[in-house]
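Structural features, examined
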2 protein chains.
Amino acid sequence: MKKFYIAKSRRLRSTPYTSRIENQGLTAYTIYNHMLLPASFGNIEKEYFHLKEHVQVWDVAAERQVQITGKDAEKLVQLMTCRNLSKAKVGRCYYIPTIDEEGGMLNDPVALKLSDNKWWLSLADSDIGLYAKGIASGLSLQVEVSEPDVNILAVQGPKSFKLMEKVFGKKINELKFFGFDYYNFKGNKFLIARSGWSKQGGYEIYVENREAGQNLYDELFLAGKEFQVKPGCPNQIERIESALLSSGNDFDSCDNPYECGFDKYIDVDSNINYLGKNALIQIAKKGINRKLMGVKIDLDKIEMTEEKPLQNGKSVVGHLRSAVYSPHLKKVVGIAMINKEYWDKKTPFELEINGKKSKGSICDLPIV
Amino acid sequence: MKKFYIAKSRRLRSTPYTSRIENQGLTAYTIYNHMLLPASFGNIEKEYFHLKEHVQVWDVAAERQVQITGKDAEKLVQLMTCRNLSKAKVGRCYYIPTIDEEGGMLNDPVALKLSDNKWWLSLADSDIGLYAKGIASGLSLQVEVSEPDVNILAVQGPKSFKLMEKVFGKKINELKFFGFDYYNFKGNKFLIARSGWSKQGGYEIYVENREAGQNLYDELFLAGKEFQVKPGCPNQIERIESALLSSGNDFDSCDNPYECGFDKYIDVDSNINYLGKNALIQIAKKGINRKLMGVKIDLDKIEMTEEKPLQNGKSVVGHLRSAVYSPHLKKVVGIAMINKEYWDKKTPFELEINGKKSKGSICDLPIV
């Protein structure tokens, strides 16, 4: 697999932590919300094992926030998601599949209710702020839509709890999963959520002051020495095994939330109002013919740059969307859109890459 | 300047030409509309001189199209831009600054009027399709908004005219600047516009059939041998000298179209209806305090990853947004947002990078 450099420019925005991670051995970036998102510090397999055992600090500033404030803020947030937010509470995070009028997936942000009139949508990679602005203008809603300069640091891994307690004090232990609250470090207040894009436990620190965030970054590495802290980033192996879906990789606007397995976040029964509700009601009536599932493939490496068909003879079993070699399972693991007749997981498939066929099997998500 | 790899994934979409350009010596990518956009074949200075003398074929599939069809198509396109499109003709391209309700720049696409009920917006790097969907849903417009699989090939440079005549026949010479029409190659019809992101002349071929596009790509290199054709990409040096603005680099939603010098594309006087019109009327009344201008700096290299202040003593003259070394002018040239009191170009400035100060001067755009 040939490697290519990234050509930097102002358009691919740096973060407050960019110079730090580059000095700490960063080797590869991806681009996410027009921003640099670290992708590797040289060996994602080592990073995978480290993440599952110790603690990592991640520059995930590229998880940009759409801030929606004003009298109609909650109305606008609800219009963009099929999840019922009518009982949403201040201080809680909500995973909200965001759809268009046809029910197609546009993003899957984590929404934070900051107050009755103020929300943040912590985005996957698409300009949901423009969708929000369009709807708000079209309906003349009383809202302001903006992108505040919030630059998230994630602290992930089993030792994240001890590290965060050391830095922010015992009070942080009271935070429940998907809850958020404010905590102090050296006179600065940080919004911290118990969340993050791994299943190894941890926190996301919503940094609103760049300099305070840089000082905190440095402190996390100082205080984290005893916990073997390392810089890291969302890990392809861990996230695929854990079934943390990636917008744009595992689904796009041609897929609906039922096909993505988001059933528990879909409300078609109550009287809430959102764009795409009629489409989802129709889809719910008809049922779906494909859904995202796990796969295991007899390969020791793979590069995914586009969807690949999975076949059984001449029949298409489904389409592979994300895949990576798992050093834990000693196979390639992946996330694929599987056609209904193969949901029983009994049918093997073949994947052809550069004329070579490899055997694979379908499994549930997460992949164990 | 350290270099970093790009971590590929399905989310950073490949184009139909990706394997070809990678085999032709591509070294660096940027990401544009969630897609791979070639950024260099190893030496942008050599590419600059070649572009100004010969002909290049560019994979600019990342210039994605937002397709808007239906009874209200023109109404929706007009709502998104301050340019008066009431006299727009089928077969013509229109550069349309796209703004939000506050008058902030969201994109600067080229709009193609395909028929009375069908438009394409050939995008710079932001999800204007989501803005269009939001407005359409909010106003219940009779439109369909989609992203067709159109993958543009640009043929740029002074010899592009001869190469295109050789491949498509003499009829192509009748095409006027910013006009488009359909032309045949080996039984396939291609929409071709006389346009492109250089000032060296040329065409953009809107490829709607992947395989036909790949065959055309190969033919352009075969037929182009006598014109010294090479693979290329939008060239930072050429585009900055020529003042082809880059959305996200030179401006963003904190800038209004007057500040970008788009006065001739702004209509605040007639009765057309667009979002942000009231904001622009207010801005027009008050006048602006800063605008984009050219700069020349006594440096032999520069890397831009964020806006940099330009100072005269303690006074801020403006902010540098794009810059590159020009082998033609033997200086760094750039595009900067300059404060009003310095528009007379008489005041020199200093730019500080890593503690070293360099002298510079303000000039008009394009930079000669």
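Keep in mind the model is a prediction, meaning the values are calculated, not measured. (Residues numbered from 1 in each chain as written. Chains lettered and ligands numbered in written order. Predicted model: local features only at pLDDT ≥ 70, side-chain atom pairs only at ≥ 80, totals over all residues.)

Notes on the overall build of chain A
Test applied: Helix numbering and strand numbering both begin at the N terminus, where a helix is a DSSP run of H or I of at least 4 residues and a strand a DSSP run of E of at least 2. Restricting the calculation to C-alpha atoms gives the radius of gyration, and the globule rule supplies 2.2 Å times the number of residues raised to the power 0.38. Exposed residues have 12 or fewer other C-beta atoms within 10 Å of their own C-beta, buried residues have 20 or more, and partly exposed residues fall in between, where C-beta atoms are placed from the backbone. Residues are treated as contacting if the C-beta atoms built from their backbones sit within 7 Å of each other.
From N to C terminus, chain A includes eight helices and 22 strands. The C-alpha atoms of chain A give a radius of gyration of 21 Å, which matches the 21 Å a tight globule of 368 residues would have. With the principal axes as the frame, chain A shows a C-alpha extent of 65 × 50 × 40 Å. The buried share among the 368 residues of chain A stands at 51%. Long-range pairs, those at least 24 residues apart, make up 66% of the contacts in chain A with a sequence separation of at least 6.

Quick look at the domain arrangement of chain A
Applicable threshold: Domain extents, as shown, originate in an automatic or database domain assignment.
Annotation of chain A at the domain level lists domain 1 (18-62 + 150-236), domain 2 (65-147 + 256-287) and domain 3 (289-368). Each of domain 2 of chain A and domain 3 of chain A was reduced to a C-alpha centroid, and the two centroids are 31 Å apart.

A short note on helix α5 (residues 160-168) of chain B
Residue and element names in this part refer to chain B. Let me state the cut-off plainly: The directions from the helix axis to the C-beta atoms form the arc being described.
Among the residues of α5, Ser160, Leu163, Met164, Val167 and Phe168 are the ones counted as buried. One side of α5 holds all its buried residues, which, seen down the axis, span an arc of 105°. As for α5, its buried residues are in contact with β12 (151-156), β13 (180-185), β15 (202-207) and α6 (210-223).

A few points about the nonpolar core
Grouped burial of nonpolar side chains is what soluble globular proteins tend to show. Selection rule: Residues enter a nonpolar core if they are buried, belong to Ala, Val, Leu, Ile, Met, Phe, Trp, Tyr or Cys, and are joined to the set through C-beta atoms within 7 Å.
Membership of the largest hydrophobic core comes to 217 residues, with the highest contact counts inside it found for Leu76 of chain A together with Leu76 of chain B. When sequence neighbours within four positions are dropped, the list of residues in contact with leucine 76 of chain B reads Ile68, Ala132, Ile135, Ala136, Leu141 and Val143 of chain B.

Notes on the confidence of the model for chain A
Defined as follows: pLDDT measures how confident the predictor is about each residue, on a scale from 0 to 100.
Averaged over chain A, the pLDDT score is 97; the fraction of residues at 70 or greater is 100%. For this predicted complex, the interface score ipTM comes out at 0.97, while the overall pTM is 0.98.

Considering the packing of helix α3 (residues 73-80) of chain A against helix α4 (residues 128-139) of chain A
Helices that pack against each other are described as a pair by the angle of their axes relative to one another and the distance between those axes. All names here are of chain A. Put simply, the rule is: Whenever a helix is involved, its axis is fitted only over the stretch in contact; in every case the axis is a line through C-alpha atoms, and angles between N-to-C directions fall within 0 to 180 degrees. For a crossing to be left-handed, the near helix must be turned anticlockwise from the far one by less than a right angle; the clockwise case is right-handed. Each residue gets one label: Ala, Val, Leu, Ile, Met, Phe, Trp, Tyr, Cys and Pro are nonpolar, Asp, Glu, Lys and Arg are charged, and the others, such as Gly, are polar.
Contact pair α3 / α4: the axes reach a minimum separation of 10 Å and the direction vectors enclose 115°. In this structure, α3 crosses over α4, and the sense of that crossing is right-handed. For the pair formed by α3 and α4, the contact residues are Leu76, Leu79 and Met80 on the first element and Tyr131, Ala132, Ile135 and Ala136 on the second. Of the residues that constitute the contact of α3 with α4, the class distribution is seven nonpolar, no polar and no charged.

Focus: the interface of chain B and chain A
Test applied: At least two DSSP bridges between two strands are needed for those strands to be called paired.
In this assembly, 49 residues from chain B lie in contact with 49 residues from chain A. Broken down by secondary-structure element, the contributors of at least two residues to the side of chain B that touches chain A are β1 (5-6), β2 (28-32), β3 (35-40), α4 (128-139) and β19 (315-326) of chain B. When residues in the side of chain B that touches chain A are grouped by element, the largest group, 10 residues, is from α4 of chain B. Each residue belonging to the side of chain B that touches chain A can be placed in one class, and the counts come to 19 nonpolar, 15 polar and 15 charged. In this structure, strand β1 (residues 5-6) of chain A lies alongside β2 of chain B, joined through two bridges in parallel fashion. When the bridges of β2 of chain B are listed, tyrosine 5 of chain A appears paired with alanine 28 of chain B.

Looking at the relation of the copies chain B and chain A
To keep things clear, this is the line we draw: For the least-squares superposition of copies, only C-alpha atoms count, and only for residues with pLDDT at least 70 in both.
For the pair chain B and chain A, the superposition axis carries a translation of 0.0 Å, the fit reaches an RMSD of 0.0 Å, and the rotation angle comes to 180°. Classification of the inter-copy transformation places it as that of a two-fold axis. Interface residue correspondence from chain B to chain A reaches 100%, placing this contact among same-surface, isologous pairings.

With respect to the packing of helix α5 (residues 160-168) of chain A against helix α6 (residues 210-223) of chain A
Residues and elements named next belong to chain A. Note the following rule: Under this scheme an angle from 65 to 115 degrees is roughly perpendicular, one under 35 degrees roughly parallel, and one over 145 degrees roughly antiparallel; angles in between are oblique.
The contact between α5 and α6 brings their axes to 10 Å, and the two run at 120°. Viewed along their axes, α5 and α6 adopt a mutual orientation that is oblique. Remark: the crossing between α5 and α6 carries right-handed chirality. Across the interface between the two elements, Leu163, Lys166 and Val167 from α5 touch Glu219, Leu220 and Ala223 from α6.

Examining unusual backbone geometry
Here the bond from leucine 365 of chain A into proline 366 of chain A is cis, since omega is -10°, no more than 30 degrees from zero. Looking at the secondary structure, you find proline 366 of chain A in the segment after β22 (356-363). In this structure, serine 140 of chain A takes a positive phi of about 50° despite not being glycine. Considering the arrangement of structural elements, one finds serine 140 of chain A in the loop between α4 and β11 (144-146). Given 11 C-beta atoms within 10 Å, serine 140 of chain A falls into the exposed group. In this model, alanine 243 of chain B sits at a positive phi of 65°, which is unusual for a non-glycine residue. Checked against the element boundaries, alanine 243 of chain B lands in the loop between α7 (236-241) and α8 (277-286).

Some remarks on the sheet that holds strand β16 (residues 230-232) of chain A
Residue and element names in this part refer to chain A. Taken in spatial order, the six strands make up an open sheet running β13-β14-β15-β12-β4-β16, and their pairing is mixed. For this open sheet the edge positions go to β13 (180-185) and β16, each flanked by a neighbour on one side alone. Going from strand to strand, the sheet's axes swing by 30° on average, the running direction of each strand aside. Pairing between strand β14 (residues 188-193) and strand β15 (residues 202-207): three bridges, direction antiparallel.

Some details on the sheet that holds β19 of chain B
Strand-to-strand pairing in sheets goes through backbone hydrogen bonds, with the strands running parallel or antiparallel. Strand order in the closed barrel made by the six strands is β17-β20-β19-β18-β21-β22 (chain B), with antiparallel pairing throughout. Pairs of neighbouring strands in the sheet enclose a mean axial angle of 40°, with direction left out of account.

Let's talk about the pairing of β14 of chain A
Residue and element names in this part refer to chain A. Taken together, the six bridges between β13 and β14 define a ladder with antiparallel strand orientation. Residue pairing across strands places phenylalanine 185 opposite asparagine 188, the latter belonging to β14. In this structure, the hairpin formed by β13 and β14 is closed by a connection of two residues, where lysine 186 is found at a positive phi of approximately 50°.

Re the environment of aspartate 116 of chain B
Residue and element names in this part refer to chain B. Counting through the fold element by element, aspartate 116 comes out in the loop between β9 (110-115) and β10 (118-122). By C-beta crowding, aspartate 116 is classed as exposed, having 11 other C-beta atoms within 10 Å. Between the C-alpha atoms of aspartate 116 and lysine 71, which are 45 residues apart in sequence, the distance is 8.5 Å.

Let's talk about helix α3 (residues 73-80) of chain B
Every α-helical turn comprises 3.6 residues, leaving residues that sit three or four positions apart pointing alike. All names here are of chain B. Burial runs high along α3: six of the eight residues are buried. Taken residue by residue, α3 has Ala73, Leu76, Val77, Gln78, Leu79 and Met80 as its buried positions. Next to the buried residues of α3 lie β5 (65-69), β7 (98-99), β9, β10 and α4.

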